[in-house]
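# Chain and residue survey
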There are 2 protein chains.
Amino acid sequence: MEKYLKILREHGIKVTPQRLEILRFLDTHHTHPTADEIYHELRKKNPALSKTTIYNTIQSLTDHGLLHTLNFRTHEARFDSVINHHHHLLCSECGKVIDIEVECPFTKEKIAGGHRIDEVHGYFRGVCKDCLGIGGK
Amino acid sequence: MEKYLKILREHGIKVTPQRLEILRFLDTHHTHPTADEIYHELRKKNPALSKTTIYNTIQSLTDHGLLHTLNFRTHEARFDSVINHHHHLLCSECGKVIDIEVECPFTKEKIAGGHRIDEVHGYFRGVCKDCLGIGGK
DNA sequence: ACTCCATTTTGTAACCTTTACAATCTGATA
DNA sequence: TATCAGATTGTAAAGGTTACAAAATGGAGT
């Protein structure tokens with residue numbers, strides 16, 4: 001509680017119970033949830049929660065650099081509160097999104113082909129370690 | 001004309017005027033268009049064209065490995081018929097999507113962190129060369 | 001603690017891209 | 001040329017996100 005309250009205050013975001021819960025959920029569940037998943041999970045404890053609040057808070061956290069959006073599929077945004085740089089793997093077997101800590105040369109380059117690079121997003125598709133271990137080879 | 005007819009036949013895709021036009025458009029416009037952009041452009045010459053045909057053809061070309069989908073923003077798929085590997089830059093000034101030919105280490109690795117990598121997608125956000133030249137520094 | 005006000009939350013409806021579906025049409029083969 | 005599986009079309013539905021207005025609430029100042 002204290003931790004998330006501090007984060008919001010440090011970024012000049014007005015503190016509300018909804019924002020605290022959303023921030024806590026994102027920080028304790030690194031599953032790259034969709035807005036809908038966050039909504040349904042938090043609604044268990046707060047049935048009055050509105051989906052608009054989810055989106056508003058996501059926007060607010062994003063504006064303050066506390067949240068990244070992952071667009072794997074066209075209709076489905078996923079959110080990631082781990083803001084240090086890493087790539088992501090979408091497992092085609094289990095559908096999970098998995099963090100991959102990598103040495104990517106582009107995170108250090110600021111220019112590529114004459115263009116200025118501000119953000120680097122690496123998305124992989126494949127099969128995760130767990131799914132490889134169970135059925136595959 | 002001959003070129004696109006040949007491509008379709010080689011991939012066992014039934015040849016129709018709509019598919020030929022869509023394939024030609026994608027091959028001659030490397031602007032990473034949305035489905036809507038393809039639709040409105042081709043409708044100028046064929047007012048009877050249906051948007052469903054655009055999506056059906058996109059699906060068909062994708063299934064045969066002739067087309068890649070780019071998901072920069074939620075709700076906005078862009079399509080790329082250049083299937084050799086390259087990364088993309090979304091310019092935050094002009095909004096254009098620009099191809100970046102890069103030496104990416106992950107295109108050669110098949111395993112990362114124990115996970116199997118099948119596809120690599122590199123998305124950058126930044127400011128393109130042209131926009132840097134005009135206003136920026 | 002109380003008041004006030006800007007901000008936030010809520011609920012509903014609108015928005016937009018994509019998909020589903022059924023009827024019509026058409027390309028390729030015989 | 002006849003046939004039929006597959007393609008195209010138009011409409012409607014689906015699904016995630018956004019817009020909006022009314023009600024509520026957090027935080028500063030008293």
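Scroll up for the structure.
Keep in mind the model is a prediction, meaning the values are calculated, not measured.

What follows covers the overall build of chain A. A count of helical and extended segments in chain A gives 5 helices and 6 strands. Each helix and strand of chain A, ordered N terminal to C terminal, gives the series α-α-α-α-β-β-β-β-β-β-α. With the C-alpha coordinates aligned to their principal axes, the bounding extent of chain A is approximately 45 × 45 × 30 Å. Expressed as a percentage of its 137 residues, the buried residues of chain A come to 42%.

If you look at the interface, chain A gives 35 residues, while chain B gives 35 residues. Scanning the region where chain A abuts chain B turns up 0 salt bridges. Across the chain A-chain B interface, the total number found is 16 residue pairs in polar contact (both at pLDDT 80 or more). At the level of secondary structure, the elements contributing two or more residues to the side of chain A that touches chain B comprise strand E1 (68-73), strand E2 (76-80), strand E3 (87-91), strand E4 (97-100), strand E6 (115-127) and helix H5 (129-134) of chain A. Looking at which element gives the most residues to the side of chain A that touches chain B, the answer is E6(A), with 13 residues. The residue inventory of the side of chain A that touches chain B, partitioned by class, reads 17 nonpolar, 10 polar and 8 charged. Relative to strand E6 (residues 115-127) of chain B, E6(A) is paired through 11 bridges, and the arrangement is antiparallel. Paired with A:Phe124 across the strands is B:Val120, a residue of E6(B).

Basis of the calculations
- Residues numbered from 1 in each chain as written.
- Chains lettered and ligands numbered in written order.
- Predicted model: local features only at pLDDT ≥ 70, side-chain atom pairs only at ≥ 80, totals over all residues.
- Heavy atoms only, no water.
- Helix = DSSP H or I, 4+ residues; strand = E, 2+ residues; numbered from the N terminus.
- Buried < 20%, exposed > 50% of the residue type's maximum accessible area, 1.4 Å probe, protein only.
- Contact = heavy atoms within 4.5 Å.
- Salt bridge = Lys/Arg side-chain N within 4 Å of Asp/Glu carboxyl O.
- Polar contact = N/O pair within 3.5 Å; in protein donor to acceptor, adjacent residues only side chain to side chain.
- Nonpolar A, V, L, I, M, F, W, Y, C, P; charged D, E, K, R; others polar.
- Pairing = 2+ DSSP bridges.

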